[in-house]
Structure formats: structure tokens, C-alpha cells
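# Chain and residue survey
Residues per chain, in single letters:
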Amino acid sequence: MDAFIIMPNHIHGIIISDKTVETQNFASLQHENNINKFGPQSQNLAAIIRGFKAAVKKYAVINNIIFSWQPRFYDRIIRNECELFNIRKYIVYNPYKWEDDEYFL
């Protein structure tokens, strides 16, 4: 895990992997014969997110915390140092923009 922030209604984080990681936008591409081009979907970004969400939900249930996840997530592959710098900056400064969020309580 690289930069991350936990906000009241969402989280931001950078996951660094030394393996090739598929994203949700590309993991479901199909060949002409309708077989998943990427094989089993157990070692990709969606699997990492599923595991994280399952662990947090399990913790909430065990501790009687009312909690639910949104069904989707937004992902992006960071392709260069400039993008990495800008996304880290966005994450660090995100709490300062919380009062402008449409879901600010």
C-alpha cells in the first residue's frame, strides 16, 4: 500500500504490485469463443478489493457495526511518476475538501 486516506464515506489508496495486475475495466474481456481472456479472476485488482471489502464487512458484523459497501469501485493504472505524484497529492489533500463533498454530514 502506498498513499491512502480513509474518509467518512469513501477511501482512496494506491496499491503497488510487483506483478501484472488486471483492472476491473479489462479483466472481463472475452475471446470470440466467450472464454475469459485473462483466465481465473483470483489474482487481479478486483480480487484484492473483494478480499479487503470482505474483511472489513466481517469485522463490522462481528462488532455489531452497521456498515455496507458501495457495490463498485473506481480503479486507475498509474503509468508514470508524474501521475503517481499527482494522485498522491490528491489523496493527501482530499480531507481538506470534505466539507465540499455532496455527502458531507
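All of the points below concern the structure found in this document. (Residues numbered from 1 in each chain as written. Predicted model: local features only at pLDDT ≥ 70, side-chain atom pairs only at ≥ 80, totals over all residues. Heavy atoms only, no water.)

## What to know about unusual backbone geometry
Our working rule: Helix and strand definitions follow DSSP, with helices as H or I runs of at least four residues and strands as E runs of at least two, each counted in order from the N terminus. Exposed residues in this analysis have more than 50% of their type's maximum accessible area, buried residues have under 20%, and partly exposed residues fall in between, with area computed by a 1.4 Å probe over protein chains only.
Phi is positive for N64, which is not a glycine, with a value near 55 degrees. Relative to the elements of secondary structure, N64 occurs in the loop between helix 1 (45–62) and helix 2 (81–93). For N64, a relative accessible area of 71% puts it in the exposed group.

## A look at the side chain of N94
Operational definition: Between N or O atoms, a polar contact is any pair within 3.5 Å; within protein, one atom must be a potential hydrogen donor and the other a potential acceptor, and residues adjacent in sequence are included only when both atoms are from side chains. Only heavy atoms matter for contacts: two residues are in contact if any of them lie within 4.5 Å across the pair.
Mapped onto the fold, N94 is located in the segment after helix 2. There is a polar contact of 3.4 Å between the side chain of N94 and the side chain of H12. Ignoring any residue separated from it by four or fewer positions in sequence, one finds N94 in contact with I5, M7, H10 and H12.

## Examining helix 1
Our working rule: Given the number of residues in a helix, its expected span is that number minus one, multiplied by 1.5 Å.
Over its 18 residues, helix 1 runs 26 Å from end to end, which matches the ideal 26 Å to within 8%, given 1.5 Å per residue. Inspection of helix 1 places L45, A46, A47, I49, K53 and A60 among the buried residues, and these make up the whole buried set. N64 lies just past helix 1 and shows a positive phi near 55 degrees.

## Some words on a nonpolar patch on the surface
We apply this condition: Residues forming no salt bridge and having over 30% relative accessible area are the ones grouped into patches, like charges within 9 Å of each other and nonpolar side chains (Val, Leu, Ile, Met, Phe, Trp, Tyr) within 5 Å. Accessible surface is estimated by sampling points in the Shrake-Rupley manner with a 1.4 Å probe; for residues, cover comes only from the protein chains shown. By definition here, a salt bridge exists when the distance from a side-chain nitrogen of Lys or Arg to a carboxyl oxygen of Asp or Glu is within 4 Å.
Side chains of M1, F4, I6, I11, I15, I48, F52 and W69 sit close together on the surface and give an oily, nonpolar patch of about 810 Å² of accessible area. Those elements giving two or more residues to the nonpolar patch turn out to be strand 1 (4–6) and helix 1. By the secondary structure assignment, I15 is in the loop between strand 2 (11–13) and helix 1.

## Quick word on the environment of M7
Checked against the element boundaries, M7 lands in the loop between strand 1 and strand 2. Under the relative-accessibility criterion, M7 is labelled buried at 8%. M7 sits 91 residues away from W98 along the chain, and the two C-alpha atoms are 8.0 Å apart. Non-local contacts of M7, meaning those with residues more than four positions away in its chain, are made with N94, P95 and W98.

## Structural notes on the packing of aromatic side chains
Our working rule: Each Phe, Tyr or Trp ring (for Trp, its six-membered ring) is paired with any other whose centre lies within 6.5 Å, and the angle between the two planes then decides the class: stacked below 30 degrees, edge-to-face above 60, tilted in between.
Overall, the coordinates contain three aromatic pairs when judged by the stated rule. Pairing F67 with W69 gives two aromatic rings, centres 5.0 Å apart and planes at 85 degrees, and the pair type is edge-to-face. Overall, the relative accessible area of 31% leaves W69 in the partly exposed class.

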